[in-house]
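Residue-level listing of the chains:
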Amino acid sequence: MATIELNCVSKTYTGDVRAVREATLAFRDGEFIVLVGPSGCGKSTLLRMIAGLEAISGGTVAIGGRVVNELPPKDRDVAMVFQNYALYPHMTVEKNMAFGLLRRRKHGGISGLLFHRAERRAELAAIDRKVLDTARTLGIEPLLARLPRALSGGQRQRVALGRALVREPQVFLFDEPLSNLDARLRIEMRAEIRELHRRTKASMVYVTHDQEEAMTLADRMVVMKFGVVQQFGTPGECYARPANRFVAGFVGTPVMNFIEGRVDGGAFVAADMRVTLPAARWPRMPAGPATLGVRPDQLRVLYRADAGASSTAADGASVAATVRSIERLGDRMDVAVMIGGTRMTARIENDDRLVEGGSVLVHIGLGAAHLFASGEDGARLGDAHDAG
Ligand SMILES: Nc1ncnc2c1ncn2[C@@H]1O[C@H](COP(=O)(O)OP(=O)(O)O)[C@@H](O)[C@H]1O
Ligand SMILES: [Mg+2]
């Protein structure tokens, strides 16, 4: 277990690709950290700099309070689990799991050679025991004699996990370890990794492009875009108080709805709507362009018969809309509606009266809405909670 401190860490690849830009982050001892963001945003590069697999262009990486910039991977006491498992194809599961420990022992130098035979035997027995214990924990004990090619994807990933576990490193580093598995198995393994963390209390840094995986695994998550850290916080914080429009759109499904407009006289005004901004949440908002963000579960779709006319109230606005499409999810449905020229998604309880093409009234709730500066990456505009 160890803390990890990144201070202004940057990576520039040849060709002036700035993969990571001045990341400054402190991870606590025993924390489960997830690095998340779209493909190409620099997650793997950052992880590999922590592992020692990639040279650091600028800044420092410290593990357990010690700067490790110049240390080779084997001296950093980290274990890495990759997406493609990286198992040795010609070795049995047992050998694959024991390999790191055996190699470490051989690296013991000349003293290793001078070991008494009995001591050596005891050491090997200890490794066997550890491999067996770990295999039991992961439910792969019956597979120990098999070669990787005789395993399913899920079993291979368990072996890769086991190989990292037996080494008992200070830090576990995972690079999209579940991406090759089917959806169901991914969810199952996700729970197992979480459980493993609870049991070992080890420090873990986990890379994924999947925001749902990040939300369900992380104690705290680092949301990245174009090599730049956008937000570092708990999943709850990133969801409830996204730092900018990018994070707001990246975290949560279905994706948050955005309405371009402007703040004017204490109201948010867009082409087809005007809603009063609750002054308790947004006191003294300066006039100017802004984007309103509303999650799909904050929209209600009212079938015309119980609709009434467009109106605004303190908690939101009701506006006329047409139903574009309906996706049934079993217990709920996602309804895409057009409000003027803006397409929005509502996640609602099943309502059989709604039909594609039909006219409805959509109530946009402001209770949990967000305001951002206009533009793709617009920063969150302060609401009253920001002060406290
Ligand atoms: N060895 C490399 N040489 C040059 N560019 C690289 C190399 N590895 C990654 N990159 C670039 O750095 C950026 C970040 O890559 P990466 O860290 O792999 O992203 P992620 O893991 O988030 O998908 C990308 O633009 C990628 O093309
Ligand atoms: Mg990657």
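Residues numbered from 1 in each chain as written. Chains lettered and ligands numbered in written order. Predicted model: local features only at pLDDT ≥ 70, side-chain atom pairs only at ≥ 80, totals over all residues. Heavy atoms only, no water.

**With respect to the sheet that holds strand 7 (residues 171–175)**
- Spatially, the six strands line up as an open sheet ordered 6-7-8-3-9-10, and their pairing is mixed. Edge positions in the sheet fall to strand 6 (78–82) and strand 10 (228–233), since each has one partner strand and no second. When the angles between neighbouring strand axes are averaged without regard to direction, this sheet yields 15°.
- As paired strands, strand 7 and strand 8 (residues 203–208) are joined by five bridges and run parallel to one another. (Pairing = 2+ DSSP bridges. Helix = DSSP H or I, 4+ residues; strand = E, 2+ residues; numbered from the N terminus. Axes fitted to C-alpha atoms, helices over the stretch in contact; angles between N-to-C directions.)

**Regarding the environment of Thr 134**
- Turning to its location among the elements, Thr 134 is positioned in helix 4 (residues 117–138).
- Overall, Thr 134 belongs to the buried group, its relative accessible area being 10%.
- With 217 residues separating them in the primary sequence, Thr 134 and Asp 351 have C-alpha atoms 50 Å apart. (Buried < 20%, exposed > 50% of the residue type's maximum accessible area, 1.4 Å probe, protein only.)

**Looking at the site of ligand 1**
- As a structural note, the neighbourhood of ligand 1 is formed by Tyr 13, Val 17, Ala 19, Pro 38, Ser 39, Gly 40, Cys 41, Gly 42, Lys 43, Ser 44 and Thr 45.
- Take Tyr 13: an N or O atom from its side chain is 3.4 Å from a nitrogen atom of ligand 1.
- Contact between ligand 1 and Gly 40: an oxygen atom at 2.6 Å from a main-chain N or O atom of the residue.
- Protein chains bury 59% of the 560 Å² of accessible surface belonging to ligand 1 in isolation.
- Listed by contribution, the elements that provide at least two residues to the shell around ligand 1 are strand 2 (17–27) and helix 1 (43–51).
- Residue classes in the shell around ligand 1 are distributed as five nonpolar, five polar and one charged. (Near = heavy atom within 4 Å. Polar contact = N/O pair within 3.5 Å; in protein donor to acceptor, adjacent residues only side chain to side chain. Areas by Shrake-Rupley, 256 points an atom, 1.4 Å probe, with all protein chains shown as cover. Nonpolar A, V, L, I, M, F, W, Y, C, P; charged D, E, K, R; others polar.)

**A word on the sheet that holds strand 13 (residues 273–276)**
- Taking strand neighbours across the sheet as the criterion, the five strands line up as 13-12-11-14-21 in an open arrangement whose pairing is antiparallel. A single partner strand is all that each edge strand has here, and the edge strands are strand 13 and strand 21 (370–373). Averaged over neighbouring strand pairs, the angle between their axes works out to 35° when direction is ignored.
- Here strand 12 (residues 267–270) runs beside strand 13; their pairing, made up of four bridges, is antiparallel.

**Comments concerning the domain arrangement of the chain**
- What the domain assignment lists for the chain is domain 1 (4–245) and domain 2 (251–387).
- Using C-alpha coordinates to define each centre, domain 1 is positioned 41 Å away from domain 2.
- Listed by partner, the interface residues are 12 residues for domain 1 and 20 residues for domain 2.
- Each partner contributes to the roughly 1,300 Å² buried at the junction of domain 1 and domain 2, and carbon and sulfur atoms together form 49% of this total.
- Looking at the side of domain 1 facing domain 2, the largest losses of area belong to Tyr 239, Arg 241 and Arg 245, adding up to 53% of the total buried there.
- Taken together, the links from domain 1 to domain 2 amount to seven residue pairs in polar contact (both at pLDDT 80 or more).
- Looking at the side of domain 1 that touches domain 2, the elements with two or more residues in it are helix 7 (211–217), strand 9 (220–225) and helix 8 (235–240).
- A per-class count over the side of domain 1 that touches domain 2 returns seven nonpolar, two polar and three charged. (Domains from an automatic or database assignment. Contact = heavy atoms within 4.5 Å. Buried area = accessible area lost by both parts, 1.4 Å probe.)

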